[in-house]
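Results of the structural survey
As a plain string of letters, each chain reads:
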Amino acid sequence: MSRNGIKWARAVLVAAMFAAWPAFGQAPIAEKPKVYALVSAIGSEITVVRQRRDVGSNIEPYRRYKVPVPGMDMDAAVLRGLDRAVASDDPESKRIFLRLAPDQIAGVHGYQRGQVLSEKALATLAAMPERKDWDRIILVAPRYLNVAREGIGPKLHGIGIYIQPLGRGGRSGEDDIESALDPETISPDGEKSNSYKYVAPYFYAQLWVIDAKTMKVLETNDRYDFQRIYDPKSTAIDVAQQMPAEVLTNMVEKFVERASARALNDQQGEVIIKEPRVVTPAVR
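Since this is a predicted model, take the numbers as computed values, not measurements.

**Section: the pattern of salt bridges**
Summed over all chains, the structure comprises 19 salt bridges. In this structure, Lys 66 and Glu 45 form a salt bridge, with 4.0 Å as the shortest nitrogen-oxygen distance. With a gap of 21 residues between them, Lys 66 in strand β3 (residues 62-68) and Glu 45 in strand β2 (residues 45-51) connect regions that are remote in the sequence. Its relative accessible area of 49% is what places Lys 66 among the partly exposed residues. In this structure Glu 45 comes out as partly exposed when scored by relative accessible area, which is 22%. With its nearest N and O atoms 3.7 Å apart, the salt bridge here joins Arg 149 to Glu 150. According to the relative accessible area criterion, Glu 150 is exposed, its value standing at 52%.

So this is what it looks like as structure tokens:
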């Protein structure tokens, strides 16, 4: 290579080096934080399903009833879990919290909720002008499961509590001896044991990851999580009476938060969120 060629090559290299580095005293341009819209379409009520003695082949051996939850505790627990998962993966991101208006959930049958509520939420989100400033939408909607799963009763959806008060012999008294073959349970104090009788909060949901600009669904994830609770120290005959209502409510909220975080990823942390906005679907 000639001297002129060498000089030219050096000049190109120096120019490239200066082009790659910011000017002296000038901070590098920070990348814009991603914006995640976290949306809960779970609602403000839970379903309690209680096992009962089989009283006939044509009668379902379960009692089912709905329990309204004051305020927005279940939605908030879901959003805390999502926030925890996103924060662990993208700490610099900005998160926006939304929930479906409770009146949009009332009157929708359990087996319909997953489809109906996700459609309502998606239609409302698609019409929101703020969406142009978002990168991802993460939506949690109820999921219905018709069959029993691992000892937890059938026809469950969303967030609820399954109560199994009967022992292996179909009794609710203290005459059932615990066995190591029984399902693993956890007490309100965190101690593990085994029992055929238990109270089990459950989280049956579908998580959607959506490109906010195009509303293209990037991923869906079905979750069927539960936690069996039993207190071997309790003298209560009925397993549902083993703990005060406020203790059970607190355990349910913590379980839902963990399950929601696992639905997105398995990392956990402590995150406190602001009050979510209410999303009311537009009337067509």
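**Points about the packing of helix α2 (residues 73-89) against helix α4 (residues 245-264)**
At a minimum axis distance of 7 Å, the contact between α2 and α4 shows a crossing angle of 40°. Viewed along their axes, α2 and α4 adopt a mutual orientation that is oblique. Crossing angle aside, the handedness with which α2 passes α4 is right-handed. The segment α2 lies against α4, with Asp 73, Met 74, Ala 77, Val 78, Arg 80, Gly 81, Leu 82, Arg 84, Ala 85 and Val 86 engaging Val 252, Glu 253, Val 256, Glu 257, Arg 258, Ser 260, Ala 261 and Leu 264. For the contact of α2 with α4, the residue count by class is 10 nonpolar, 2 polar and 6 charged.

About the cut-offs
Starting from 1, residues in each chain are numbered consecutively following that chain's sequence as written. For this predicted model, a pLDDT threshold of at least 70 governs which residues receive local features, and a threshold of 80 or more governs which side-chain atom pairs are given and counted, while totals over whole chains, interfaces and linings are taken from all residues. Think of the side-chain values as coming from all heavy atoms in the structure, minus any hydrogens and water. By convention in these notes, a salt bridge is any Lys or Arg side-chain nitrogen within 4 Å of a carboxyl oxygen on Asp or Glu. Secondary structure is summarised from DSSP: a helix means a run of H or I of at least four residues, a strand means a run of E of at least two, and numbering begins at the N terminus for each. The buried label goes to any residue with under 20% of its type's maximum accessible area, the exposed label to any with over 50%, and the partly exposed label to all in between, with areas taken from a 1.4 Å probe on protein chains only. Structural elements are reduced to axes, namely lines fitted to C-alpha atoms, with helices fitted over the stretch in contact, and the angle between N-to-C directions of any two is expressed from 0 to 180 degrees. When describing relative orientation, an angle under 35 degrees is termed roughly parallel and one over 145 degrees roughly antiparallel, while 65 to 115 degrees is termed roughly perpendicular and anything else oblique. With the far helix as reference, a near helix turned anticlockwise by less than a right angle produces a left-handed crossing, and one turned clockwise produces a right-handed crossing. Any two residues whose heavy atoms approach within 4.5 Å at even a single point are treated as in contact. Charged means Asp, Glu, Lys or Arg here, nonpolar means Ala, Val, Leu, Ile, Met, Phe, Trp, Tyr, Cys or Pro, and polar covers whatever is left, Gly included.

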